[in-house]
Structures are given as structure tokens and as C-alpha cells.
Amino acid sequence: MAVVSWVVGIAFFFPVLWMVLTAFKQENDAYTNPPKLFFTPTLQQFSEVLASGAGPALLNSLFATVVSTVLVLLLAVPAAFAVSLRPVGKTRDVLFFFISTKMLPVVAAIVPIYVVVNEIHMVDNIWTLVVLYTAMNLPIAVWMMRSFFLEVPAALLEAASIDGASIGRTMREVVLPLVSPGIAATALICVIFAWNEFFIAVNLTAAQAGTVPVFLVGFITSEGLYFAKLCAAATLAALPVVIAGWVAQNKLVQGLSFGAVK
């Protein structure tokens, strides 16, 4: 089973490894058939990608991802707390309404969204992406955080209530420290979804608010595909998410397994 696991893991990782290797090739080395395994590494593709305007796209993606993730957590944490530890009337209906917003394909909603955004003169504006990414990730965040809140022992809430703690203080000092791994896991999921989003960005942005996925499409031209440059740009685009996942890996594992072991 260990050998099978290694083979499956390598099979899944190999395309990523090949992308990184191709990023260090010249364009003529990237197109050889059979593929060239031994070559002289170069940073030319990375320098050309950065010189071609990758900086603004990276900053736009970073801004939209970070701000939307913060807004999602600010809204999802109290909402999930309300429907789990402090249930409201018709909680099931509320939860179904949250998740039902994810059932509509974005391709079916892009036309009315574009009409509204165009009417308020917010096309090609980074704040438009912030609002839409927040709305896109909020239902998932509420459902994830609710599952983490449900694992908090009710005895802790009762003890805090007996000691005279308000709901806000109970949430800040008792509940949030316990579910911090879940918050980290939810934040990372939101970061991945927002950073990788393409369809909304390509339809609602242009020169000013274009994100990294939109920038990557620029390497597919009528003259052909600049394969080495595309791999270099894709490697740069993947680095922030990889670094974020590496930094939060302990919290992520704890969050994804939260409540699995009693």
C-alpha cells in the first residue's frame, strides 16, 4: 500500500513538477519531441514574465484575495456561531438558503452581474472582484465554520454563561481559540478559491483590475503558445498559494480533522 501511495502521489505531482522544470527552459527546449530531460536552466522566462506586467496582476489578485477572505471570515464566523451554538428560528432554512446560492452556475449569472456592474460604473474595478469573491466564498465558509462550532462542548458555553460572560466575550475568549484551526482551514480554502477564480475576472476586468489567471491567458496568442513563459507565469502564480498552505499546514490538518477524534 505504501508503494501504491507513492506511485499515485507522484502521478498527481508530476504535472506540477514538469511545469516547474519547463519554466527554466528556453522556448525551443520546451517544444522538443521527445521531451528534453537534460537542459541548461535559465531564469530568462521569469524575467520576461515579470517585465511583461505580472506585477500589477499579482497585486490585484493579492488585494482581492486577502480583502475578500477577511470579509468572509468577519461575516461567516458570527453567522456560523448563530446557527450552531446559538440556533435561530428555522436554522435549516437559513443553511439551505446559504448553500443554494452555490447551485446557480456562474455562467448563468454573469450577464445580469455584468449589467448591474456596468450600470454602477464598476467594470474593471478591483472592488467589484472583492465583493463578488466575498459573496462566492461566504456560503462555503458558513457551512465549514458551522461544522467546527458544533464540535465545541456545550459545557464550556454553560460554564461561561454561569460566570457571567456575555455572548461576545464567550465567543472571543472561549469559542474562537478552540476553533482557530477551523478558521485557518476555512481561510485557506477561501484564499485558494479567490486566487484561482478566472471566469468572473475575465468578464469583468480589463487593463486596470486584471488578476493572475487573466494575465496567464495573455500567453496564448494567435502566433502560438509560449509554453516556457506560460509555465514560468504559472509557477509564479502558484507560489503564493503553496507558501500559504505550507505556513498554515499544521492548522490546516488540525482544522480538517477537527472533531474526527473524540
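Now for a quick tour of the structure. Remember, it's a predicted structure, so these values are computed and weren't measured experimentally. (Residues numbered from 1 in each chain as written. Predicted model: local features only at pLDDT ≥ 70, side-chain atom pairs only at ≥ 80, totals over all residues. Heavy atoms only, no water.)

Along the backbone of the chain there are 13 helices and 2 strands. With the C-alpha coordinates aligned to their principal axes, the bounding extent of the chain is approximately 70 × 55 × 30 Å. Residue burial in the chain is summarised as follows: out of 262 residues, 37% are buried. Summarising the internal contacts of the chain: among those between residues at least 6 apart in sequence, 75% fall at separations of at least 24. (Helix = DSSP H or I, 4+ residues; strand = E, 2+ residues; numbered from the N terminus. Buried < 20%, exposed > 50% of the residue type's maximum accessible area, 1.4 Å probe, protein only. Contact = heavy atoms within 4.5 Å.)

One pass over the structure, following the stated rule, counts 3 salt bridges. Here glutamate 48 makes a salt bridge to lysine 229, at a shortest N to O gap of 2.8 Å. Here lysine 229 lies in helix α12 (residues 227–247) and glutamate 48 lies in helix α3 (residues 44–84), a separation of 181 residues in the sequence. A residue is classified by how much of its surface remains accessible, and glutamate 48, at 27% relative accessible area, is partly exposed. The salt bridge partner of arginine 169 is glutamate 173, with a shortest N-O separation of 3.3 Å. A residue pair is termed a helical-turn pair when its members lie 3 or 4 positions apart in one helix, as arginine 169 and glutamate 173 do in helix α8 (residues 167–178) at 4 residues. (Salt bridge = Lys/Arg side-chain N within 4 Å of Asp/Glu carboxyl O.)

Once that is clear, we can look at the packing of helix α4 (residues 91–100) against helix α6 (residues 126–149). Look at α4 against α6: their axes get within 8 Å of each other, and the N-to-C directions meet at 135°. For the element pair α4 / α6, the angle class is oblique. The chirality of how α4 crosses α6 is left-handed. Between α4 and α6, the residues in contact are Leu95, Phe98 and Ile99 and Pro139, Val142, Trp143 and Arg146, respectively. Tallied by class, residues from the contact of α4 with α6 come to 6 nonpolar, no polar and 1 charged. (Axes fitted to C-alpha atoms, helices over the stretch in contact; angles between N-to-C directions. Parallel < 35°, antiparallel > 145°, perpendicular 65-115°, else oblique. Left-handed = near helix turned anticlockwise from the far one by under 90°. Nonpolar A, V, L, I, M, F, W, Y, C, P; charged D, E, K, R; others polar.)

Enumeration over the complete set of coordinates arrives at 1 cavity of 30 Å³ or more. If you trace the largest cavity, you find it lined by Val49, Ala54, Leu58, Val212, Phe215, Ala233, Leu236 and Ala237. Contributing elements (two or more residues each) for the lining of the largest cavity: α3, α11 (212–217) and α12. (1 Å grid on protein atoms, 1.4 Å probe; cavity = no way out; pocket = protein on both sides within 12 Å on 5 of 7 lines; lining within 4 Å. Points joined across faces, edges and corners; volume = space filled by probe spheres on them.)

Before going further, it helps to examine the nonpolar core. With 19 residues, the main nonpolar core has Val49, Val212, Phe215, Leu216, Phe219 and Ala233 as its most contacted residues. Secondary-structure elements contributing two or more residues to this core are α1 (2–23), α3, α11 and α12. Residues contacting alanine 233, with those up to four places away along its chain left out, are Val49, Phe215, Leu216 and Phe219. Of all hydrophobic cores here, the second largest spans 16 residues; its members include Ala80, Phe81, Val152 and Met171. (Core = buried A, V, L, I, M, F, W, Y, C linked by side-chain atoms within 4.5 Å.)

Applying the stated rule across the entire model yields 4 aromatic pairs. Where phenylalanine 63 meets tryptophan 127, the ring centres are 5.2 Å apart and the plane angle is 90°; that geometry is what we call edge-to-face. You can see phenylalanine 63 sitting in helix α3 and its partner tryptophan 127 sitting in helix α6, a full 64 residues away along the chain. Accessibility expressed as a relative area gives 45% for tryptophan 127, which makes it partly exposed. Summarising the aromatic geometry, the rings of phenylalanine 81 and phenylalanine 149 are spaced 5.8 Å apart at their centres and angled 80° between planes, so their arrangement reads as edge-to-face. Of this pair, phenylalanine 81 sits in helix α3 while phenylalanine 149 sits in helix α6, placing them 68 residues apart in sequence. (Phe/Tyr/Trp six-rings, centres within 6.5 Å; stacked < 30°, edge-to-face > 60°.)

Bringing a nonpolar patch on the surface into the picture now. A surface patch of nonpolar side chains, amounting to about 630 Å² of accessible area, comprises Leu59, Leu62, Val66, Val70, Leu71, Leu74 and Leu75. By secondary structure assignment, the location of leucine 62 is in helix α3. (Patch = residues over 30% accessible without salt bridge, like charges linked within 9 Å, V, L, I, M, F, W, Y side chains within 5 Å. Areas by Shrake-Rupley, 256 points an atom, 1.4 Å probe, with all protein chains shown as cover.)

Considered as a void within the structure, the largest pocket measures approximately 430 Å³ in volume. Mapped by element, the contributors of at least two residues to the lining of the largest pocket are α5 (106–119) and α6. The dominant element in the lining of the largest pocket, judged by the number of residues it contributes, is α6, at 5 residues. Here the lining of the largest pocket is built from residues that sort into 10 nonpolar, 1 polar and 2 charged.

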